[in-house]
Every structure is written in structure tokens, then in C-alpha cells.
Amino acid sequence: MSPADDGPWWRGAVIYQVYPRSFADGDGDGVGDIAGIRSRLDHLSALGVDAIWFSPWYPSPMADAGYDVADHRDIDPVFGTLAEAEALVAEAHALGIRTIVDVVPNHCSDAHPWFQAALAGGPDAPERELFWFRPGRGPNGDQRPTDWVGEFGGETWTRTVNPDGTPGDWYLHLFAPEQPDLNWDHPGVRAEFEDILRFWFDRGVDGIRIDSAGLLVKDGTLPETRPGRPHPFRDLDGVHEIYRDWRRIADEYPGDRALIGEVWMPDRQRFANYLRPDELHAAFNFDFLGCAWDASALRESIDGTLSAHAPVGAPATWVLSNHDVTRHVTRYGRADTTFSFAAKREGTPTDLELGTRRARAAALLSLSLPGAAYVYQGEELGLWEVEDIPYELRQDPMWERSGRVDPGRDGCRVPLPWTGDEPPFGFSPDGAAAPWLPQPADWKDRTVRAQTGDATSMLELYRMAIRIRRADPALGDGTMTWLPAPDGVLAHHRRPGFTCLVNLSDVAVPLPPHTERLLASGPLDDDLLPPDTAVWLRTAEPTPAGPGTA
Ligand code: GLC
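Treat the numbers as computed from the prediction; the structure is a model and nothing was measured.

A. A look at the site of the ligand. Surrounding the ligand, one finds 14 residues, the nearest of these being Asp 64, Asp 211, Glu 262, His 323 and Asp 324. A distance of 2.9 Å separates an oxygen atom of the ligand from a polar side-chain atom of His 323. Contact with the protein chains removes 96% of the 310 Å² of surface that the ligand exposes when unbound. Counted by class, the shell around the ligand contains three nonpolar, four polar and seven charged residues.

Structure (C-alpha cells):
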């Protein structure tokens, strides 16, 4: 957020996502950890981010890379200790960087003591009420209670075995079988998570990222999903009551603690309901993330986003990538530049040079729009999706559960390259075990070391853009105005005196009158902006309500 803004930090922050397994490995086991993050905080400080969001680091059997949490109040030994996490939060704060932890309320791990007690105690165990245990259908109870399809594809119920060895009830899991869904109708579940929020707020974290935030409440009558009928587990109205309770807790703490929801919701109005003034502070903009590299589609997404957020007074967020989606350098180099889980396929050709050019322009677009911007680790290095990970090394449950149709999410989770000419590129100390996923040899040009000081690198582009954004009162939270522009070109103005132009057409276009060229995503051709290039300009204010303004 620019210093001139005095609103809360989360309205205009640049928030960097650290995926701890893949950021930096301090202890040499080939898996990233807190020691590694602490040793590389200088990178985030030099990048200029306002906050870091840590994907889950809690004790977990890692059936879903830590999104199967066995204990929200501790740290998995593979990542370090609670004391190290506390030190990391303090060190980030000392650098002026806020911290956000990931809380996973829809489900827990099957190793969680509650679930273990529910299994061990048999059909009458009171702990079963904390989950969704149901008898099967059919005379022998051997048919699933519903035919719901899970979020990773595949079935959503697994049958248990009673302590005496006989076949037992089934339990619900919208994700992998190792992630039993919690029953949010149970007051014990609510109390537990309220306590978890306090646990982390008490440790000084500035925000909570809420995993799968729209799925918590289920229709307890377990109807099948039917077109035209209310969905049995997506976006049920009851979920808002939970977030109103959470908001009261966040508001009790000093210093603007923020709740940020992972809400995949195509309906923008329903999405905005999560952002009402007494609910979450912000939510990830997956509409923008999934949007095609196309001027009218992007303009529609930006307008739709801003007009959905305005009535509830919430800031928009701008997200290009995260640990669940194909990296955008790869996406933007494909014939179809949209993202959706349903359309992911092995072996879709991509032009990485084109994708990189577009990713550079997209960075300047997203960092110049009103609201908060997210950077997923490695996007500042221009990393692409690693699409040739050998089958036997793939770890993401999505790969097997989709029947090997969806390549899974490992390709965007490959450990970061820091220094040197060959793997592990400084990810691990010398003599360490191999990184948990193999890094492409071609990443030698993508290391932090190789890009530092190279004015044409993706890293220096991000550093400069974030530096300008921090200093310029026009950027961060606020409003914007579209300017008239040729077909296929997006031009928007932010007061005072800032204009961003993005050329998504296939011809070079002239720059509008300006007093200074602040930053461009690629070389300009005199005063012409080439295709797939963006520029930030210092300009006069547009005349009010000129033609084509919105
Ligand atoms: C969210 C996470 C994803 C995880 C899923 C289940 O979508 O971002 O990585 O697999 O929830 O927790």
C-alpha cells in the first residue's frame, strides 16, 4: 500500500505466498522448511512485499501436502518447530513484513485425534458427531450414502471398519479420503476453530487465509446434487454465520487482523456476500486468475470484480497464480489461455517465450489495479509449470484421484531456484538430499542470483514495479477509470497522474501523451507499445467523463 494511504494494510497490500515445502530447505532433507524461509527473508524484503502468506506448516501425514492438518497448534517436524515459526513472524515484522497463516476448517487429517477417536470408539463414539458418519445405502449398507463427486474428482465417501472387524459406517470427504470433512453444525467444531484463530492471533500473525471457505456447511439431509436445486455443500447460507463469528474475533485484536477467504465462486454476487462488512476482509479473485489473455475478457473481469466489491466496500484482489493452478507463464503461452481445473490436460503445447512476455505485462496490469495483489512464490522469477515430472515422482493426490486425467498440481510446486548452475540451485545446502520434486536444468537462468541486477529480468521487473507501487499514492487501494484506447488495448488511469496501458492486440500502438515513462514490461519501439507489452506512465488527469470512460 502506498504510504499516502492511511486505510488498513490489507486493502492495498502486495501479499507473497510462501509454499513452505518448496521455498528453501534449511536442514538439507530436500524439503523446504522454516529455517530455509528465515534464511531467505532478505529476498522478500528486497522484493518489497507487504505481507507473506504461509501455506500450511502444521503436523500432517502430508496426504495433501499439509492441507490435511493433524494439529493446527503446532508445526510439522519436517518444517521445524513452533518456536521457529514464532521467530519467523518476529523477524518478518522487524523487516516491516506482515504474516498470514493458512487455516483449513473444512476438514482435518485422518490422523487428527478426533478422527482417530471416532474410528476407535466404534459406531457410538461421540467423536463421530464431529464428522459426517452415515450408514451406507442398500441392504448391506455397502452403497455410498450419496453420489456426490469430490473436489479432486472421485468419490466422497469411504467406508469404515468397526473395531470388531465388521464393515461399518461411511464418512464424508470432499477431498481425499485422508481429509474427513468436519461437521460445522457441531458447537465443538466451532469452538475449536475460534480457539485456533486466537492461538495464531495471540502469536502476532496479521491475517488468516481460510482454505475452501465456501464448503464448510452441508445440507444435513444429504440430497443429491441436482441442476436447479440448492447445492448440498457449496456456498450454503449458514457459512456466513461462521465468518461473522470469526470477524468478531479478528476485530478484538489490535492492528487490523485480516481474514482472507479462498472462495471459488463463479457468481460474483454470491462471492461478494463473503465480503460484507461484518464478514471476511478479502477473498482471492479467481475470476481474474482464470481469465483469458484477451482485452475484452479482462476488462469484463476487472469491471465485474470492481462492481461486485463496491457495494460491500471490500477491496478487490488480483491473483495470477497459486499452488493449485498451472503457472501463468505456461498458461499464457497456450492457445487457450484460460484456467479451469476441468480443462487441465497433460501435454497441451505452450510457447514459453510468448507466455513470459504476457506474464510480464500481466504483472504490470495486476499491480496497477485498485486493491491488493498476490504474488505466488516463483512468479517473480518467471518460473513455468514443470510438465514433465515423471509419473512415479508425482505427489499430488489430484493426479491419481482424477484417474490420471488431471496432471495434478506438482508442476507449480517445484522447489525454487536461488543460485548456481545446476539443481538444487541453492534450494538446499551442499550435500543435501535431492529436492522433493526435480527442478528443470533450464532454471539456471531463472535463479534469484542470475536475475539480480539484470534490468531485463522478471525479478527486476517485479522489484521495480513493487517499489513504484509503494511510493506512488495513485496505486494500491482506490479507484480507477478506463481511458479510450484502440481495439485490444486496455488503458486505465489512477489518480493522481498514473496511467497503465496494456497491448493485447497484435499490432504496436502509440503511447498517449505523458510526462514520464515509469516502467515497461518489455522494449518499446520509440513511442509505440508492442503487442503483449504493458507500460506505466506519468500522465495528466483525463478530462472528466470523456468519451469511452467508465
Ligand atoms: C484448497 C487448497 C488446496 C487443497 C484443498 C483442500 O483448495 O488451496 O491446495 O488441496 O483446499 O484443503
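B. Representation of the nonpolar core within the structure. Ranked by size, the top nonpolar core spans 148 residues in total, and within it Trp 57, Trp 200, Ile 208, Tyr 243, Trp 246 and Trp 536 carry the most contacts. Membership of the second largest hydrophobic core comes to 13 residues, among which are Trp 148, Leu 172, Phe 175 and Leu 222.

C. Structural detail: the UniProt feature "domain: Glycosyl hydrolase family 13 catalytic" (unreviewed entry) in the protein chain. Sites flagged by UniProt as "domain: Glycosyl hydrolase family 13 catalytic" (unreviewed entry) map to residues 17-413. Taken end to end, residues 17-413 has its terminal C-alpha atoms 12 Å apart, with 29% of it in helix and 11% in strand.

D. Spotlight on the sheet that holds strand 12 (residues 481-482). Ordered in space as 12-13-14-18-16, the five strands form an open sheet in which the pairing is antiparallel. If you trace the sheet from one side to the other, it starts and ends with strand 12 and strand 16 (516-520), each paired once. Pairing analysis gives six bridges linking strand 13 (residues 489-494) to strand 14 (residues 498-503), with the strands arranged antiparallel. Paired with Ala 491 across the bridge in strand 14 is Leu 501. Contacts between helix 10 (residues 295-309) and the sheet are confined to strand 12 and strand 13, with strand 13 contributing the most and set at about 30° to the helix. Packed onto the sheet, helix 15 (residues 458-471) meets strand 16 and strand 18 (533-538) and runs at close to 135° relative to strand 16.

E. Here's a closer look at helix 4 (residues 82-94). Between its first and last C-alpha atoms helix 4 spans 18 Å; for 13 residues at 1.5 Å apiece the expected length is 18 Å, and the two agree. Taken residue by residue, helix 4 has Leu 82, Ala 85, Leu 88, Val 89 and Ala 92 as its buried positions. Buried residues along helix 4 cover an arc of 115° about the axis, so they all sit on one side. Across helix 4 from its buried face, at more than 90 degrees, point the exposed residues Ala 83 and Ala 94.

F. View of the pairing of strand 8 (residues 258-261). In strand 8, alternate side chains face the same way, and those of Ala 258 and Ile 260 on one face and Leu 259 and Gly 261 on the other are all buried. Taken together, the four bridges between strand 7 (residues 207-210) and strand 8 define a ladder with parallel strand orientation. Paired with Arg 209 across the two strands is Ile 260, which belongs to strand 8. In this region the chain leaves strand 7, passes through helix 7 (residues 239-252) and returns to the parallel neighbour strand 8; the handedness of that crossover is right-handed. A crossover connection joins strand 8 to the parallel strand 9 (residues 282-283) through helix 8 (residues 268-273); in handedness this β-α-β unit is right-handed.

G. Spatial organisation of the state of the cysteines. For the structure on display, the rule yields zero disulfides. For Cys 412, which is in no disulfide, the shortest distance to another cysteine sulfur is to Cys 291 and amounts to 20 Å. Cys 500 takes part in no disulfide bond, and the closest cysteine sulfur, belonging to Cys 291, lies 15 Å away. Its relative accessible area of 1% is what places Cys 500 among the buried residues.

H. Summary view of the environment of Pro 59. Locating Pro 59 in the fold gives a position in the loop between strand 2 (51-54) and helix 4. Put simply, Pro 59 and Phe 79 are 20 residues apart on the chain and 8.9 Å apart in space, counted from C-alpha to C-alpha. Those residues in contact with Pro 59 that lie beyond four places of it in its chain are Asp 68, Val 69, Ala 70, Asp 71, Asp 74, Ile 75 and Asp 76.

I. Main features of the side chain of Asn 106. Along the chain, Asn 106 turns up in the loop between strand 3 (98-103) and helix 5 (113-120). Separated by 3.0 Å, the side chains of Asn 106 and His 107 make a polar contact. A polar contact of 2.7 Å, which involves the side chain of Asn 106, links it to the side chain of Lys 218. Aside from chain neighbours lying at most four places away, what touches Asn 106 is Leu 174, Phe 175, Pro 180, Asp 181, Leu 182, Trp 184, Ser 212, Leu 215, Leu 216 and Lys 218.

J. How the structure looks around the domain arrangement of the protein chain. Parsing the protein chain into structural domains produces domain 1 (9-106 + 187-462), domain 2 (113-172) and domain 3 (479-550). Centre-to-centre, using C-alpha coordinates, domain 2 lies 58 Å away from domain 3.

K. Representation of the pattern of salt bridges within the structure. Scanning the entire structure with this criterion turns up 39 salt bridges. Taking the shortest distance from any N to any O, the salt bridge between Asp 477 and Arg 11 comes out at 2.7 Å. With Asp 477 in the loop between helix 15 and strand 12 and Arg 11 in the segment before strand 1 (14-18), the pair connects residues that are 466 residues apart, well separated along the chain. A salt bridge links Arg 268 to Glu 300; the shortest N-O distance between them is 3.0 Å. Separated by 32 residues along the polypeptide, Arg 268 in helix 8 and Glu 300 in helix 10 bring together distant segments of the chain. Of the residues examined, Arg 268 reaches a relative accessible area of 22% and is grouped as partly exposed. Classification of Glu 300 as partly exposed rests on a relative accessible area of 44%. Linked by salt bridges that have partners in common, Asp 64, Asp 324, Asp 396, Arg 409 and Arg 413 make up one network.

L. Structural context of unusual backbone geometry. Cis rather than trans, the peptide bond between Pro 423 and Pro 424 has omega equal to 10°. Tracing the chain through its elements places Pro 424 in the loop between helix 13 (397-401) and helix 14 (448-451). Note the cis peptide between Arg 495 and Pro 496, where omega equals -5°. Secondary-structure assignment places Pro 496 in the loop between strand 13 and strand 14. The phi torsion at Ser 212 lies on the positive side, around 45°, for a residue other than glycine. With respect to the secondary-structure elements, Ser 212 resides in the loop between strand 7 and helix 7. Of note in this structure, Asp 235 is not a glycine but carries a positive phi near 60°. With respect to the helices, strands and loops of the structure, Asp 235 is situated in the loop between strand 7 and helix 7.

Here is what the cut-offs are and how they apply
- Residues numbered from 1 in each chain as written.
- Predicted model: local features only at pLDDT ≥ 70, side-chain atom pairs only at ≥ 80, totals over all residues.
- Heavy atoms only, no water.
- Near = heavy atom within 4 Å.
- Polar contact = N/O pair within 3.5 Å; in protein donor to acceptor, adjacent residues only side chain to side chain.
- Areas by Shrake-Rupley, 256 points an atom, 1.4 Å probe, with all protein chains shown as cover.
- Nonpolar A, V, L, I, M, F, W, Y, C, P; charged D, E, K, R; others polar.
- Core = buried A, V, L, I, M, F, W, Y, C linked by side-chain atoms within 4.5 Å.
- Buried < 20%, exposed > 50% of the residue type's maximum accessible area, 1.4 Å probe, protein only.
- UniProt positions renumbered as here; feature names shortened; annotations may be inferred.
- Helix = DSSP H or I, 4+ residues; strand = E, 2+ residues; numbered from the N terminus.
- Pairing = 2+ DSSP bridges.
- Contact = heavy atoms within 4.5 Å.
- Axes fitted to C-alpha atoms, helices over the stretch in contact; angles between N-to-C directions.
- Expected span 1.5 Å × (residues − 1).
- Arc of directions from axis to C-beta.
- Right-handed = clockwise from strand over helix to strand, strands pointing away.
- Disulfide = S-S within 2.5 Å.
- Domains from an automatic or database assignment.
- Salt bridge = Lys/Arg side-chain N within 4 Å of Asp/Glu carboxyl O.

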